[in-house]
Each structure stands twice: as structure tokens, then as C-alpha cells.
Amino acid sequence: MIDVSTFVAKSGGVVPVITLNSADVAPDLADALHEGGCGVLEITLRTPAALGAIQKIAEDRPGIMVGAGTVLTDQDAEASVAAGADFLVSPGFSTAVHEVASATDTLYLPGVATVTEAMTAFSRGYTFQKLFPAEVVGGAALIRALGSVLPEVRFCPTGGIDADNYLDYLALSNVDVVGGSWLTPGDLVDAGKWALVTQQTREVLEQYPRS
Ligand code: 3PG
């Protein structure tokens, strides 16, 4: 299983959350992000293209970490792992996904939105959790409050993160990485504007120089 520190380091601080209409563009998109400094991407299982996209990146771009997002069921998790996903992300915590992730030794990033959910995931061993939808459920203030009662848990806020607020989240002591779709706008992806994706990624990561 990839460990969380490798995941964080390879991401550069952001995990692009991508919903693709075509699997064919996946390797080029992964290259564009990687060129900009981000070697991790999450493909949501919200379109028929998703599993094919994950498979193409896993097979053709071994240096890039590809995960499946919006993993809701054990079937979703099994199909993602079979396609080559390096990690699984859910909007909430799923016992069924947890079981597949454990059985296949795959990194699982469960979603939480409340203190009780964060405690439940922590009791299952999850010290890296996705706060979702971050901007709706309390944003940076909630993550700060969670830090005082769950100091061992680190959060990846996702949902409503954009160019205007991502640095506020990354400034929190219990956040090393944020997720979001803002980095890969559908119009740029559909038009294959890879140089612009690279440039935008580089600009975003440059604002957050990691040591
Ligand atoms: C997700 O699946 O994590 C979210 O759809 C990403 O949220 P955003 O589109 O607000 O960035």
C-alpha cells in the first residue's frame, strides 16, 4: 500500500478531482498535471469513462498515482482496484469500501463531515480523512476545532476548495493537502489544453512551496 506521506509528497499539496467524459485523454491529463508538479490525481466514478481512465493511467504512467473517487460500494471498490487504482476516496465512510481496501491493501481516504464521523473513522485506524463537503460543513474553522480533539488525524478538505481559499486550508497545522475540481476545469480538459493545465497547476503549487 502507498503510505500517506508518499501520497502527500507526490501531490505537491493538491489532489485534482476529475470527472472525465473520455478515458482516452487520461494519460495526457495525468502528464499535464505531473509536469506542473502534481503526481497524484483522483478520477471520480461518476462517468462510464472512469474505470478505463484509471486503467490507462495505471498501466501507462507508473510514476503517477491514480485513485478512484466517489467510491460508494464494495463493487465500486473492487472494480477500481482491478483497474489499478492506487487509492480509493469516498464522500463518506463506507464499511464495505473499508473492507475491500483492507483486503486488497489499498489506501482508503474516507469522507467525514462531523466530529462523530471523524471519531468513527479514527477508531477504524484512519488518521488521514477527507473533510467533505468542506466549505459547507464548517471549513477551516471546523478543521481547527477537530484538531483540538483529534490531534492524530490529518484532513484533506475537499468540496468548495478553489484558488481563493486553498491556501487558507493549507495553512492549517492538520492539513497537508487539499482536493478539488477547480484545477482541471472541464472546458480545458475537453479541449485538450494541456499546456494551460500544466501552467495553472504550477502556479497553484508555487504558492505553496513544500519543504
Ligand atoms: C469531490 O468529489 O470530492 C468533489 O466533487 C470535489 O468538490 P469540488 O468540485 O467542489 O472541488
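Criteria and thresholds
Residues numbered from 1 in each chain as written. Predicted model: local features only at pLDDT ≥ 70, side-chain atom pairs only at ≥ 80, totals over all residues. Heavy atoms only, no water. Helix = DSSP H or I, 4+ residues; strand = E, 2+ residues; numbered from the N terminus. Polar contact = N/O pair within 3.5 Å; in protein donor to acceptor, adjacent residues only side chain to side chain. Contact = heavy atoms within 4.5 Å. Buried < 20%, exposed > 50% of the residue type's maximum accessible area, 1.4 Å probe, protein only. Arc of directions from axis to C-beta. Phe/Tyr/Trp six-rings, centres within 6.5 Å; stacked < 30°, edge-to-face > 60°. Axes fitted to C-alpha atoms, helices over the stretch in contact; angles between N-to-C directions. Left-handed = near helix turned anticlockwise from the far one by under 90°. Nonpolar A, V, L, I, M, F, W, Y, C, P; charged D, E, K, R; others polar. Disulfide = S-S within 2.5 Å. Pairing = 2+ DSSP bridges.

> Which residues make up the side chain of Thr-47, and what values do they have?
Secondary-structure assignment places Thr-47 in the loop between β2 (40–44) and α3 (50–60). Within polar-contact distance, the side chain of Thr-47 engages the backbone oxygen of Leu-20 at 2.5 Å. Sequence-distant contacts of Thr-47, defined by excluding residues within four places in its chain, comprise Thr-19, Leu-20 and Asn-21.

> Account for α3, with residues named and values stated.
When we look at burial in α3, the residues that qualify are Ala-50, Ala-53, Ile-54 and Ile-57. Summarising the axial view, the buried residues of α3 lie within an arc of 100°, below the 170-degree limit, and thus occupy one face. Those residues of α3 that are buried lie in contact with α2 (26–35), β2, β3 (65–69) and α4 (74–83).

> Report on the packing of aromatic side chains, specifying residues and quantitative values.
Under the definition given, this model contains six aromatic pairs. Where Tyr-108 meets Tyr-126, the ring centres are 5.5 Å apart and the plane angle is 90°; that geometry is what we call edge-to-face. With Tyr-108 in strand β5 (residues 107–109) and Tyr-126 in the loop between α6 (115–123) and β7 (128–131), this pair connects stretches of sequence that are 18 residues apart. Each member of the pair, Tyr-108 as well as Tyr-126, is classed as buried. Taken together, a centroid distance of 5.4 Å and an interplanar angle of 40° make the contact between Tyr-166 and Trp-182 tilted. You can see Tyr-166 sitting in helix α9 (residues 166–170) and its partner Trp-182 sitting in the loop between β9 (178–180) and α10 (186–190), a full 16 residues away along the chain.

> For the packing of α2 against helix α11 (residues 194–206), give the residues involved together with the corresponding values.
Relative to each other, α2 and α11 sit at 35°, their axes nearing to 7 Å. Seen from above, α2 lies across α11 with right-handed handedness. In contact with Asp-28, Leu-29, Ala-32, Leu-33 and Glu-35 of α2, α11 contributes Trp-194, Val-197, Thr-198, Thr-201 and Arg-202. Of the residues that constitute the contact of α2 with α11, the class distribution is five nonpolar, two polar and three charged.

> Lay out the state of the cysteines with the relevant residues and their values.
Applying the stated criterion across every chain yields a total of zero disulfides. Here Cys-38 is not cross-linked by a disulfide; its sulfur's nearest cysteine counterpart is in Cys-156, at 11 Å. By relative accessible area, Cys-38 is classed as buried at 1%.

> Describe in detail the sheet that holds β5, supporting the description with residues and values.
What the six strands build is an open sheet, ordered β5-β4-β3-β2-β1-β9; its pairing is parallel. Each edge of the open sheet is held by one strand with a lone partner, namely β5 and β9. When the angles between neighbouring strand axes are averaged without regard to direction, this sheet yields 25°. Relative to β5, strand β4 (residues 87–89) runs parallel, the two being bridged by three bridges. Opposite Leu-88, over in β5, you have Tyr-108 as the bridge partner.

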